[in-house]
Amino acid sequence: MPKRALPRISKTAGQEAIERIVQRRKDVRDPDLEALESRDPAEHPLAVIHHVLSCRRVPDWVTSNDVLDGLWVLAYVRLYCPHRPDEAERLEHELLELGRAMQIAMIRMAPPINVRSRQAVEHRLLRHRAFRLGLGRSERLERAHRLSRTPPESTSAEALWYDRHALALWEAAGQLVASRSRFDHLIDDELAECLIGLRRVVREMRWPLSPAHYSTLREIGWWVQEVVEALEEPRYASFREQLGELHATAAALAAEQYRARFGDT
């Protein structure tokens, strides 16, 4: 399955991003800049990123612009400079978290990490958080972890729906999981991670049904919805075609479960 592609940036563009950060800091008289300049930023690009993250005695507009340039510097490092992959991952996470704290629009942070949407940037953030929780590098695992902590109480409408449809939901989820091994060549790492998460909770479900299992069913429904939404993307058209009626069945069950739990809001 394809690995995550790195953003394309030239050596010149990477050096220019470093220069913009340093010049911006000079313009506002960053009191910590001397320590950075003593290391020759052009020769130590990671030091520039560390400086952006740790030296915050500058106006917010400087930090915000530095985060965006810092992400491009990190892209440059990944392509052209010796580095430890784990350190690059950690720095990306810290830059994205700082960008979020500075209320930078997610879509502005998308190009330097080679994604195309606000949602994809948020997913990257959640993957980093999941990894730090020891859950694997998946935004879906992070969300599922939070969801699984929801207390097992349910409304009567939700309980009634489970009485009638829990088995159908579980069986449809199991069929989605099985489809991964049959059509592995038609999916990528993102969708595979989602199906792996779904497999985990499908295996956790126990019968006969009782209210103690509602939290597991909620998580199954959440993962099914994630798969269904992902399958709307054009890149999964062939996989969706292979699923046939299973796609529509899973979509309907996930939507019904959601309405039973939350109503039509």
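Residues numbered from 1 in each chain as written. Predicted model: local features only at pLDDT ≥ 70, side-chain atom pairs only at ≥ 80, totals over all residues. Heavy atoms only, no water.

## Some thoughts on the pattern of salt bridges
And step 1. In this structure the tally under the stated criterion is 21 salt bridges.
And step 2. Across the pair Arg 25 and Asp 66 runs a salt bridge whose closest N-O atoms are separated by 2.7 Å. Taken together, the positions of Arg 25 in helix α1 (residues 11-27) and Asp 66 in helix α4 (residues 60-80) put the pair 41 residues apart, joining distant regions of the chain.
And step 3. Looking at Arg 25, the relative accessible area reads 0%, which means it is buried.
And step 4. With a closest N to O distance of 3.6 Å, Asp 86 and Arg 84 form a salt bridge.
And step 5. Residue class for Asp 86 comes out exposed when judged on its relative accessible area of 51%.
And step 6. Because the salt bridges share partners, they merge into one network encompassing Arg 20, Arg 24, Arg 25, Asp 30, Asp 66 and Asp 69. (Salt bridge = Lys/Arg side-chain N within 4 Å of Asp/Glu carboxyl O. Helix = DSSP H or I, 4+ residues; strand = E, 2+ residues; numbered from the N terminus. Buried < 20%, exposed > 50% of the residue type's maximum accessible area, 1.4 Å probe, protein only.)

## Some remarks on the packing of helix α3 (residues 45-54) against helix α5 (residues 85-101)
And step 1. Contact pair α3 / α5: the axes reach a minimum separation of 10 Å and the direction vectors enclose 35°. As for how α3 packs across α5, the hand of that crossing is left-handed. In this structure, α3 contributes Leu 46, Ile 49, His 50, Val 52 and Leu 53 to the contact, and α5 contributes Glu 87, Arg 90, Leu 91, Glu 94, Leu 95 and Leu 98.
And step 2. Residue composition of the contact of α3 with α5, by class: seven nonpolar, one polar and three charged. (Axes fitted to C-alpha atoms, helices over the stretch in contact; angles between N-to-C directions. Left-handed = near helix turned anticlockwise from the far one by under 90°. Contact = heavy atoms within 4.5 Å. Nonpolar A, V, L, I, M, F, W, Y, C, P; charged D, E, K, R; others polar.)

## Side note on helix α12 (residues 245-262)
And step 1. With 18 residues, α12 ought to run about 26 Å at 1.5 Å a step, and its terminal C-alpha atoms sit 26 Å apart, in line with that.
And step 2. Of the residues making up α12, those classed as buried are Leu 246, His 247, Ala 250, Leu 253, Ala 254, Gln 257 and Ala 260.
And step 3. In this fold, the buried residues of α12 make contact with α8 (156-182), α10 (214-230) and α11 (237-243).
And step 4. Just past α12, the residue Gly 263 takes up positive phi, approximately 80°. (Expected span 1.5 Å × (residues − 1).)

## Here's the deal with the packing of aromatic side chains
And step 1. Counted by the stated rule, this structure contains six aromatic pairs.
And step 2. Considering the side-chain rings of Tyr 162 and Tyr 214, the 4.8 Å spacing of their centres and the 40° angle between planes classify their relative orientation as tilted. Remark: Tyr 214 occurs in helix α10 and Tyr 162 occurs in helix α8; sequence separation between them is 52 residues.
And step 3. Looking at Tyr 162, the relative accessible area reads 1%, which means it is buried. (Phe/Tyr/Trp six-rings, centres within 6.5 Å; stacked < 30°, edge-to-face > 60°.)

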